[in-house]
2 protein chains.
Amino acid sequence: MANDWATFGADLHLEPLRQGQGLREGLMDALREAVRGGRLPAGTRLPSSRALALDLGVARNTVADAYAELVAEGWLTARQGSGTRVARRSEPRPAPRAAPRHPAGGSVTAPPAGRPTYNLRPGTPDLASFPRAAWLKAARKALTAAPDEAFGYGDPRGRIELRTVLAEYLARARGVYARPERIVLCSGFVHGLLLMGQVLRARGVREVAVESYGLDVHWELLARAGLRMPALPFDERGTRTEELGAPGETGSAGAVLLTPAHQFPTGGALRPDRRAAAVDWARSAGGLLLEDDYDGEFRYDRQPVGALQGLDPERVVYLGTASKSLAPGLRIAWMVLPEQLVDEVVAAKGTVDWVSSAPDQLTFAEFLASGAYDRHVRAMRLRYRRRRDQLVAAVAARSPGTRISGIAAGLHAVLELPEGTEESVLRAAAFQGLAVLGINRFRHPTTPRTRDALVVGYGTPSDSAWSGALDALCRVLP
Amino acid sequence: MANDWATFGADLHLEPLRQGQGLREGLMDALREAVRGGRLPAGTRLPSSRALALDLGVARNTVADAYAELVAEGWLTARQGSGTRVARRSEPRPAPRAAPRHPAGGSVTAPPAGRPTYNLRPGTPDLASFPRAAWLKAARKALTAAPDEAFGYGDPRGRIELRTVLAEYLARARGVYARPERIVLCSGFVHGLLLMGQVLRARGVREVAVESYGLDVHWELLARAGLRMPALPFDERGTRTEELGAPGETGSAGAVLLTPAHQFPTGGALRPDRRAAAVDWARSAGGLLLEDDYDGEFRYDRQPVGALQGLDPERVVYLGTASKSLAPGLRIAWMVLPEQLVDEVVAAKGTVDWVSSAPDQLTFAEFLASGAYDRHVRAMRLRYRRRRDQLVAAVAARSPGTRISGIAAGLHAVLELPEGTEESVLRAAAFQGLAVLGINRFRHPTTPRTRDALVVGYGTPSDSAWSGALDALCRVLP
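What you see is a predicted model, and the numbers here were worked out from it, not measured in a lab. (Residues numbered from 1 in each chain as written. Chains lettered and ligands numbered in written order. Predicted model: local features only at pLDDT ≥ 70, side-chain atom pairs only at ≥ 80, totals over all residues. Heavy atoms only, no water.)

1. As for the pairing of strand S11 (residues 333-336) of chain A
Residues and elements named next belong to chain A. Where burial is concerned, the two faces of S11 agree: the one with Ala333 and Met335 and the one with Trp334 and Val336 are both buried. Bridge analysis of strand S4 (residues 183-186) against S11 gives 4 bridges, and the strand direction is antiparallel. Note on S11: the bridge partner recorded for Leu185 is Trp334. Bridging between strand S10 (residues 316-321) and S11 involves 4 bridges; their strand directions are antiparallel. (Buried < 20%, exposed > 50% of the residue type's maximum accessible area, 1.4 Å probe, protein only. Helix = DSSP H or I, 4+ residues; strand = E, 2+ residues; numbered from the N terminus. Pairing = 2+ DSSP bridges.)

As structure tokens, then:
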């Protein structure tokens, strides 16, 4: 998957195909719409036709034909060596208007009306549930109370107000051993991982072990930091952390990137013995565990298991984010660091001007302190749980042979498919106007292909689109 | 000046000395306060005693003694090779509280009461004038009107709503040829320069010429991108852009970083013939001009001169920011790019998760579109102009021999001093509890020392501190 395309989320946000529409025409239409609506900015490099074909579960020629047509129409450009890109259309220079219209509610970004959006790709929460009123209330209170210096150049770690309430929240909700001075705000998990990659590389680390399934965006980021990323072995019980340090692929890793609460995307929780094995390895080998706790607040069958970080705060870097619990558009995430790393991470962050917005930090602090965040998480937990229950029931009723693996948690479920059927199901999904991904899209390059499955994100669709999406999904299951 | 100290603004925000206090004690007190208040986070590397002594205009031993005392007290640590750093104090783990208190108005960051703050360092606007009510009003309108997708992962260039109104504003207010698709939002000028450094280096550029006086933070950033930074010659009329491309230091530069509207910090405007010379060079040599328009909206003696970018939008990268006109804490800045650069800058920005907060972008868009930004800039222009007039009048009355050079613009003035007196004046200023910088602090390493002057930032002090600051300033002038 091309770099600049993949970086902003695994979700491509292509409009799904319309019923009865040919695949090529549907794809062309979706791409045109994405360019027109600004989601594919000028200059964006599109994935290769092979990669996109794999993603969409369609024949490569279908994508190649669609690309060629759009190049002919002037929407895309294709140049040897630089791939297929969104063309820059020459538009007349807009004359300055005396009273510029506020475009926030305009048609530029509004989704086309009357067209169902069946998006079941994982990675984005329900954006329609963003608590606008509560957020604005918190903003009003926070900005009114803020000292003047809050609007100045800030502490590279982030506002002390936010770090203070975040420490309390993380201790309470996730069992994180968090002190304000060990917290460093960042603008997203990827930002935190970027900083950790720089720090680890500067410390002489050459390898960061990763899980057998994960996000290529993260692997690419570590690779750019000059790190190798051997994958940990994986079995039906999950990631085999007990193999850490054993001779072989991960024998020389200086750190491990894990999703202990809810493996992404395979959906299991790291078992207690394997949590212990990871910490034991970190202690004996002097290694670090990078804990990606992206959706740890969303567990439906029991209380969430506390963060791995609580086991050994000096060996675990905890990374959390508001991108799943609230909204990615806030660009608010956080790291809780071992004491020995604080200086280096602050220095790495400080080498560029990269501080989150003070108003947002203060607003989020107030949002947390007032209990609004807890209320929102509880409401979303109910909502996502209901969605998951509906998914489980619909699949059980309409495709009894399809097993849903993984724990009842998070914003996505894994639907196991009969061997060798993933591509054909994805192709069928495309026909149904359904955007969904296969699990092999997330397979580490060295992980052998052993299963076929769909990774279904049930958080994204709006309420109005959900039943249609579920219906389309059931239609393509075997 | 040490890197991680300098990066977040040239302004060190040290509390000034109290009247009658010894220099060493005052400095210790100021450093303790800065650590306690969180402005100097744990791990921050302090400047060398030599550098800080130069900055404050005090003897090196004074700083060295203060550092040693604070190391003994446990506030700082000194280790061979890693310099003097703010220590990490071990604090007991705070017990999670049932109802966490909102600390925004608490004492952690509030400045100590009853203590005058005489801060005339340049770089920070009047934070007390941040238009909180108008900003909140814009936030309410923007967040209410925003489409759901605004809260999702965004366009790497920034929200289309903001780029659209920004294009209109920049055309109207600064004569910038700006189209939304050529605008890329960034989190500050430094972020924009970082992206440009990456792009230029990737294009094979080895040298970016800079002005003879400027900010070391910018030079360090270009150096980290692998670029050399020869300084352009400078005469009493300003930066000699006509020397661009001539054999010598800047003969092979691929780009030039300029502050045409108001040279920072020497305070002149780039003359028309030298504007033309810069553009001519860019055209003939295929070079790029990087226009840092940090305070272009603040001109007091006439209408602001339009941006250089208007002369040749294909050869000038325009960089603007809300950090001086509104507040640095917003982390909102923008680049207007030549068409040929858009793809590369977007790709560079996209290699990391670096998107400004969507609520802030939408709020700023509404703030611009509603006219609130124009009103705020007009109000601040009056305010800063009044400050400057008061400064000019006070200096004329109390130090008739001191000439104020530079144009009536921006947030700082340059007070020319008799040859060889800069250090002693700075030392006297420190005694008066006055934080101010000398012009030689901003001199490029290869620029010969030819003048003594103070760079006085009149934007920062609160109204209550202003007359005291002005009085202290006049007392130290010859």
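There is more to say after this.
2. Let's talk about the packing of aromatic side chains
Going through the model one piece at a time under the given rule, you end up with 24 aromatic pairs over all chains. Centroid distance Trp135 of chain A to Phe364 of chain A: 6.4 Å. Interplanar angle 35°. Geometry classified as tilted. Here Trp135 of chain A, found in helix H5 (residues 132-145), pairs with Phe364 of chain A, found in helix H11 (residues 358-369); they are 229 residues apart in sequence, far enough to count as distant. Of the two residues examined, Trp135 of chain A and Phe364 of chain A, each falls in the buried class. A network of ring pairs unites the aromatic residues Phe130, Trp135, Tyr169, Trp334, Phe364, Phe367 and Tyr373 of chain A together with Phe151 of chain B as a single cluster. (Phe/Tyr/Trp six-rings, centres within 6.5 Å; stacked < 30°, edge-to-face > 60°.)

3. Let's talk about the sheet that holds strand S16 (residues 452-457) of chain A
Residues and elements named next belong to chain A. Spatially, S12-S13-S16-S15 is the arrangement adopted by the 4 strands of the open sheet, whose pairing is antiparallel. The sheet terminates laterally at strand S12 (403-405) and strand S15 (437-438), the two strands that pair on one side only. Both S15 and S16 contribute to a ladder of 2 bridges, which runs antiparallel. Looking at the pairing, Leu437 lines up with Val455 of S16. Helix H13 (residues 422-431) contacts strand S13 (412-417), S15 and S16 of the sheet and is inclined by roughly 35° relative to S16. (Contact = heavy atoms within 4.5 Å. Axes fitted to C-alpha atoms, helices over the stretch in contact; angles between N-to-C directions.)

4. Regarding unusual backbone geometry
Residues and elements named next belong to chain A. Looking along the chain, the bond that leaves Phe264 and enters Pro265 is cis, with omega of 5°. In this fold, Pro265 is placed in the loop between strand S8 (255-258) and helix H9 (272-285). Phi at Arg331 takes a positive value of approximately 55°, unusual for a residue other than glycine. Considering the arrangement of structural elements, one finds Arg331 in the loop between S10 and S11.

5. What about the pattern of salt bridges?
On inspection of all chains with the given rule, the structure shows 61 salt bridges over all chains. Measuring nitrogen to oxygen at the nearest pair gives 2.4 Å for the salt bridge that ties Arg475 of chain A to Asp471 of chain A. Taken as a pair, Arg475 of chain A and Asp471 of chain A lie in helix H14 (residues 463-476) at a separation of 4 residues, close to a single helical turn. On the basis of relative accessible area, Arg475 of chain A is assigned to the partly exposed category, the value being 39%. On the basis of relative accessible area, Asp471 of chain A is assigned to the partly exposed category, the value being 28%. Among the salt bridges present, the one from Arg383 of chain B reaches Asp463 of chain B, with a minimum N-O distance of 2.9 Å. Note that Arg383 of chain B is positioned in helix H12 (residues 372-398) and Asp463 of chain B in helix H14 (residues 463-476), a separation of 80 residues in sequence. Look at the salt bridges and you will find they share partners, linking Asp235, Arg240, Glu242, Glu243 and Arg274 of chain A into a network. (Salt bridge = Lys/Arg side-chain N within 4 Å of Asp/Glu carboxyl O.)

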